[in-house]
Amino acid sequence: MNFEIGDGYVVKVIASSVRKGNVLDLDGRLAVVMHAENIHPGKGTPVTHLELRRIADGVKLVERYRTTDQVERAYLDEKDYNFLYEDDMGYNFMQPETFDQIAISKDVVGDQGQWLQEGMTCLVSLHEGNPISIELPQRVTFEIVEADPVVKGQTASSSYKPAKLSNGARVMVPPHIGAGTRVVVMTADGSYVERAKD
């Protein structure tokens, strides 16, 4: 059952499908998902742990659901925006069709801001014209500027080593990856995916 909420609609989805940046309707009040994690204990029921921020008043909430529970996901006015630059006000984006520019606060973008690249297309959710959440592409490519040397006797499969990317972020990479290599990482958690093909 879908019902209208201003400029969007609500759909029931299973809790385990909820991702960071989604907007949920909690008893008629909208909240943005800041962190989503599916936890599978050895015994017992798998649960979805969500940290949210209520849009109206900014209050932070923590919710736990069984992964199969249904939650109400709000689909707001979602548009693609291209990232332009960061300044004191936040992150500036432009809508590629209308050339409308918006500034999204650092609160809304959160720690995803480190993965933004000039020209990157992001999906922005708007509520009454205000940006309330942003979804980045799942994967980004950065160059490694520093990587720890491989520890002698370390096997390729056993352990990753710390490395620093050109955006300043620290990630763990396989031992054979050195400085100057372009790598693909997941924007959700900064985890290494593979050496870039380009």
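Residues numbered from 1 in each chain as written. Predicted model: local features only at pLDDT ≥ 70, side-chain atom pairs only at ≥ 80, totals over all residues. Heavy atoms only, no water.

Visitor: Help me understand the sheet that holds strand β17 (residues 192-195), please; the structure alone is not making it clear to me.
Guide: Picture the strands of a sheet paired through backbone hydrogen bonds; they go either parallel or antiparallel. With antiparallel pairing, 5 strands are arranged side by side in an open sheet as β15-β14-β13-β16-β17. If you trace the sheet from one side to the other, it starts and ends with β15 (170-173) and β17, each paired once. Within this sheet the neighbouring strands show an average axis-to-axis angle of 50°, counted without direction. (Pairing = 2+ DSSP bridges. Helix = DSSP H or I, 4+ residues; strand = E, 2+ residues; numbered from the N terminus. Axes fitted to C-alpha atoms, helices over the stretch in contact; angles between N-to-C directions.)

Visitor: Explanation requested: the sheet that holds strand β11 (residues 121-127) in the structure shown.
Guide: The 5 strands are arranged β10-β9-β8-β11-β12 in an open sheet whose pairing can be described as antiparallel. Edge positions in the sheet fall to β10 (101-104) and β12 (130-135), since each of these pairs with one other strand and no more. Adjacent strand axes in the sheet meet at a mean angle of 45°, parallel and antiparallel pairs treated alike. Across 4 bridges, strand β9 (residues 90-94) lies against β10 in antiparallel orientation. Within β10, the position partnered with Met94 by the bridge is Gln101.

Visitor: Can you help me understand the environment of Gly113 in this one?
Guide: Position of Gly113 among the secondary structure elements: in the loop between α1 (106-109) and β11. Along the sequence, Gly113 and Gly90 sit 23 residues apart, while their C-alpha atoms lie 9.4 Å from each other.

Visitor: Help me understand the nonpolar core, please; the structure alone is not making it clear to me.
Guide: Soluble, globular proteins show a tendency: their nonpolar side chains are buried together. One finds Phe93, Ile104, Trp115, Leu116, Ile134 and Leu165 to be the most contacted residues of the largest nonpolar core, which totals 28 residues. Look past the residues within four positions of Phe93 in its chain and what remains in contact with it is Tyr81, Asn82, Phe83, Leu84, Asp100, Gln101, Ile102, Ile104, Leu116, Cys122 and Ile134. With 12 residues, the next largest nonpolar core counts Val13, Val18, Leu52 and Leu61 among its residues. (Core = buried A, V, L, I, M, F, W, Y, C linked by side-chain atoms within 4.5 Å. Buried < 20%, exposed > 50% of the residue type's maximum accessible area, 1.4 Å probe, protein only. Contact = heavy atoms within 4.5 Å.)

Visitor: Would you mind showing me how to read the pattern of salt bridges here?
Guide: In the structure shown here, the tally under the stated rule is 8 salt bridges. Between Lys106 and Glu86 there is a salt bridge; the shortest N-O distance is 3.0 Å. In this pair, Lys106 is assigned in helix α1 and Glu86 in strand β8 (residues 77-87), connecting sequence segments 20 residues apart. Among the residues examined, Lys106 registers a relative accessible area of 39% and is labelled partly exposed. For the salt bridge of Glu194 with Lys197, the shortest nitrogen-to-oxygen distance reads 3.1 Å. When its relative accessible area of 27% is taken as the criterion, Glu194 is described as partly exposed. Through salt bridges with shared partners, a single ionic network connects Arg29, Arg54 and Asp57. (Salt bridge = Lys/Arg side-chain N within 4 Å of Asp/Glu carboxyl O.)

The values are spatial; any link to function lies outside them.
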